[in-house]
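# Overview (structure and organization)
In case you want the letters, here they are:
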Amino acid sequence: MTQRFPQDFLLGAATASYQIEGGAAEGGRGVSIWDTFSHTPGKVVGGDTGDVACDHFHRWETDIDMMADLGLQAYRFSIAWPRVQPTGTGAFNEEGIAFYRGIVDRLKAKGIAPMVTLYHWDLPQALEDKGGWLSLDTVDAFVAYAVRMVEELGADVEFWTTFNEPWVASFVGYGAGAHAPGHADDVEALTAAHHLNLAHARAYRAMKALRSELQVGLVNNCHTPRPWDPSNPKDRWAAEHIDALANTMFHEPFIAGTYPAVLKPNTAHLTDWSFVHEGDLDEMKGAVDWFGVNYYASHLVRHNPHKAAAVSDVATLADGHKAGANSPWPGDEEIEFLQPLGDQTAMGWNIDPDALHAHLLKIHRETGKPIYVTENGSAWDDAVGADGRVRDDARIAYFRSHLAAVLAAVDEGADVRGYLAWSLMDNFEWAQGYDKRFGLVHVDYDTLVRTWKDSAYWYRETLRTRAIAPASVEIEAPARTY
Ligand code: GAL
């Protein structure tokens, strides 16, 4: 099996606005639901907020220099909607638009392809106050925002993502309540999911009408629910339900104009799905150019009619389902998540490159669309050592095994065209605050100094040679800082 990347394969790294920018009250930025949520006591570990984060708002120029030093070919970042349109409707904020204009221009000057995400969860609070993703007005507002961004940046940005992980935005934000806006209601979660899909479809069409050459995609976090006992039909049913909610619900409408058939019967005790209106699914059909796959860990599920009495699934849910909270899986009353065996990262997530390989082939089979791995990475308890190095061998091993899985999927015919490491640098890890470090680059949150981890050197070598670099590469001590 070859360990080299195909000629046009894009290699880069990813971030998101609320996780790195800071500058929360600067440059005319409005308030987002994550400002409100993180400032609500008890919602984020340690009471951390994104007020300062990595201070990318002030350091973006040297951060882009650092990306160029790493040799990134692509950089995936998100626009904070409230920075460019403080209340989500009405007046746009020229200063905010200029901030992203500057980023795009500098990336291009350095030969780095910008990949823009329009929505990585930081909804303007003013829209949430009017119903958020439960309201069709938010769908309209999103389309208007998307159009304006294409008018501003469309000539220089080819790759666009409407939504990052609509599953998390709807099922964790409106179902489990572990993310902003912190609602905990099964039907709200399903409604929000449908509205996000609708907003994607309408924004896709409006963006393409302006510039047909754009590549507009949707980024999903994949869950890989394997049945505990594949020979047991009830365990297979459990896996199928989770797959439908987590994965298929967010691509089947755009390919076939349908929702997975199992969803309605499996949730009939909760809702009649009257939030889906005549014509919605027709609008969705065909409205996508590519799919992004965010992958971290795999999942093991089984049917358990005694789940309520059993040890619950809380430990294994990757996206923050807390003990005692509503579940992010409507219709899962008899479905239990089990902790897969093997080593775990600092997030408590297992390490399973085979599941990424299988998932890429599955998405290829089910959609036939180009695929980009838009996030993949692992959190570890990294620290700068006495010699100024950050030794993160476990991260290097994680990247190497997962990149090998990607290349194996490519060899087997999956149309995977790029890979973006999560993340460029340590950042605000949502409900986990600054406690969990995913970066190639270490961030000292007191001084805001960036220090290359060993994995940054390893990735630079991978980018330079366009082949998965050996685990040990030449590393400076002390490591580079910015
Ligand atoms: C994804 C998310 C990222 C990042 C990552 C690691 O779900 O898109 O923002 O936080 O998980 O948990």
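Residues numbered from 1 in each chain as written. Predicted model: local features only at pLDDT ≥ 70, side-chain atom pairs only at ≥ 80, totals over all residues. Heavy atoms only, no water.

## Considerations on the sheet that holds strand β4 (residues 159–164)
In space, the eight strands of this closed barrel follow the order β1-β2-β3-β4-β5-β7-β10-β11, with parallel pairing throughout. Neighbour-to-neighbour, the strand axes of the sheet open up by a mean angle of 25 degrees, direction not taken into account. Strand direction decides the pairing type here: strand β5 (residues 215–221) and strand β7 (residues 290–295), joined by five bridges, are parallel. Counterpart to Leu218 in the pairing with β7 is Phe291. Running over the sheet, helix α5 (residues 94–109) touches β2 (74–78) and β3 (113–119) and is turned about 175 degrees from β2. Contacts from helix α8 (residues 166–176) reach β3, β4 and β5 within the one sheet, and its direction differs from that of β5 by about 45 degrees. (Pairing = 2+ DSSP bridges. Helix = DSSP H or I, 4+ residues; strand = E, 2+ residues; numbered from the N terminus. Axes fitted to C-alpha atoms, helices over the stretch in contact; angles between N-to-C directions. Contact = heavy atoms within 4.5 Å.)

## A few points about the packing of α8 against helix α9 (residues 186–210)
It is the contact of α8 with α9, at a shortest axis distance of 8 Å, that shows an interaxial angle of 155 degrees. The angle between α8 and α9 falls in the class roughly antiparallel. Like other packed secondary-structure pairs, α8 and α9 cross with a definite hand, here right-handed. Contact with α8, carried on its side by Pro166, Ala169, Ser170, Phe171, Tyr174 and Gly175, involves Glu188, Ala189, Leu190, Ala192, Ala193 and Leu196 of α9 and no other residues of that element. (Parallel < 35°, antiparallel > 145°, perpendicular 65-115°, else oblique. Left-handed = near helix turned anticlockwise from the far one by under 90°.)

## So, the site of the ligand
The environment of the ligand is made up of 13 residues, and the closest members are Gln19, His120, Asn164, Glu165 and Glu429. One nitrogen or oxygen atom from the side chain of His120 is found 2.8 Å from an oxygen atom belonging to the ligand. Between the ligand and the protein, one listed contact pairs an oxygen atom with a side-chain N or O atom of Glu429 at 2.6 Å. Here the ligand, which alone exposes 310 Å², has 97% of that area covered by the protein. The class makeup of the residues in the shell around the ligand is six nonpolar, four polar and three charged. (Near = heavy atom within 4 Å. Polar contact = N/O pair within 3.5 Å; in protein donor to acceptor, adjacent residues only side chain to side chain. Areas by Shrake-Rupley, 256 points an atom, 1.4 Å probe, with all protein chains shown as cover. Nonpolar A, V, L, I, M, F, W, Y, C, P; charged D, E, K, R; others polar.)

## Observations concerning the packing of aromatic side chains
According to the stated counting rule, one finds 42 aromatic pairs in the structure shown. Between the aromatic rings of Tyr18 and Trp34, the centroid separation amounts to 6.2 Å while the plane-to-plane angle is 35 degrees, which identifies the pairing as tilted. Here Tyr18 is found in helix α1 (residues 17–20), whereas its partner Trp34 is found in helix α2 (residues 33–38), with 16 residues between them in sequence. Residue classification places Tyr18 among the buried positions, given a relative accessible area of 2%. Considering the side-chain rings of Trp273 and Phe275, the 5.2 Å spacing of their centres and the 35 degrees angle between planes classify their relative orientation as tilted. The burial state of Trp273 is the same as that of Phe275; both residues are buried. By way of ring pairs, the aromatic residues Tyr18, Trp34, Phe37, Trp121, Phe428, Trp430, Tyr434 and Tyr445 are connected into one cluster. (Phe/Tyr/Trp six-rings, centres within 6.5 Å; stacked < 30°, edge-to-face > 60°. Buried < 20%, exposed > 50% of the residue type's maximum accessible area, 1.4 Å probe, protein only.)

## Observations regarding the sheet that holds strand β8 (residues 299–303)
Pairing between the strands of a sheet comes from backbone hydrogen bonds, and it takes one of two forms, parallel or antiparallel. Spatially, three strands are ordered β6-β8-β9 in an open sheet, and the strand pairing comes out mixed. Strands with a single pairing partner mark the edges of an open sheet, and in this sheet they are β6 (225–227) and β9 (335–338). Neighbour-to-neighbour, the strand axes of this sheet turn through a mean angle of 40 degrees, independent of strand direction. Bridging between β8 and β9 involves four bridges; their strand directions are antiparallel. Bridging from a neighbouring strand, His303 pairs with Ile335 of β9. Strands β6, β8 and β9 of the sheet are contacted by helix α10 (residues 233–246), whose axis makes an angle of about 125 degrees with β8.

## Overview of the confidence of the model for the protein
The predicted coordinates of low-pLDDT regions are not to be read in fine detail. Averaged over all residues, the pLDDT of the protein is 96; the fraction at 70 or higher stands at 96%. Note on residues 312–320: pLDDT under 50 across the span, and 23 contacts to partners over four residues away in sequence or across chains. (pLDDT = per-residue confidence, 0-100.)

## Observations regarding the pattern of salt bridges
In total, this model carries 33 salt bridges according to the counting rule given. Between Arg101 and Asp156 there is a salt bridge, and its shortest N-O distance comes to 2.5 Å. A residue pair is termed long-range when its members are at least 10 positions apart, and Arg101 in helix α5 and Asp156 in the loop between α7 (136–153) and β4 qualify at 55 residues. Where Arg226 meets Asp352, a salt bridge forms, and the shortest distance between an N and an O atom there is 3.7 Å. Of the two residues, Arg226 is situated in strand β6 and Asp352 in the loop between β9 and α14 (353–367); the sequence distance between them amounts to 126 residues. Under the relative-accessibility criterion, Asp352 is labelled buried at 14%. Through salt bridges with shared partners, a single network forms among Asp382, Asp392, Arg395, Asp426, Arg437 and Lys453. (Salt bridge = Lys/Arg side-chain N within 4 Å of Asp/Glu carboxyl O.)

## Concerning the side chain of Thr15
When you line up the elements, Thr15 lands in the loop between β1 (10–14) and α1. Judged by its relative accessible area of 1%, Thr15 is buried. With sequence-adjacent residues up to four places away left out, Thr15 is seen in contact with Ile20, Tyr75, Arg76, Phe77, Ser78, Trp422, Ser423 and Leu424.

## Looking at the layout of surface pockets
Of the pockets and cavities examined, the second largest pocket occupies roughly 210 Å³. Thr224, Pro225, Arg226, Ala358 and Lys362 are the residues nearest the centre of the second largest pocket, which is lined by 13 residues in total. Elements with a minimum of two residues in the lining of the second largest pocket: β6, α10 and α14. In terms of residues, the lining of the second largest pocket owes the most to one element, α14, which gives five residues. Of the residues belonging to the lining of the second largest pocket, the class tally is five nonpolar, four polar and four charged. (1 Å grid on protein atoms, 1.4 Å probe; cavity = no way out; pocket = protein on both sides within 12 Å on 5 of 7 lines; lining within 4 Å. Points joined across faces, edges and corners; volume = space filled by probe spheres on them.)

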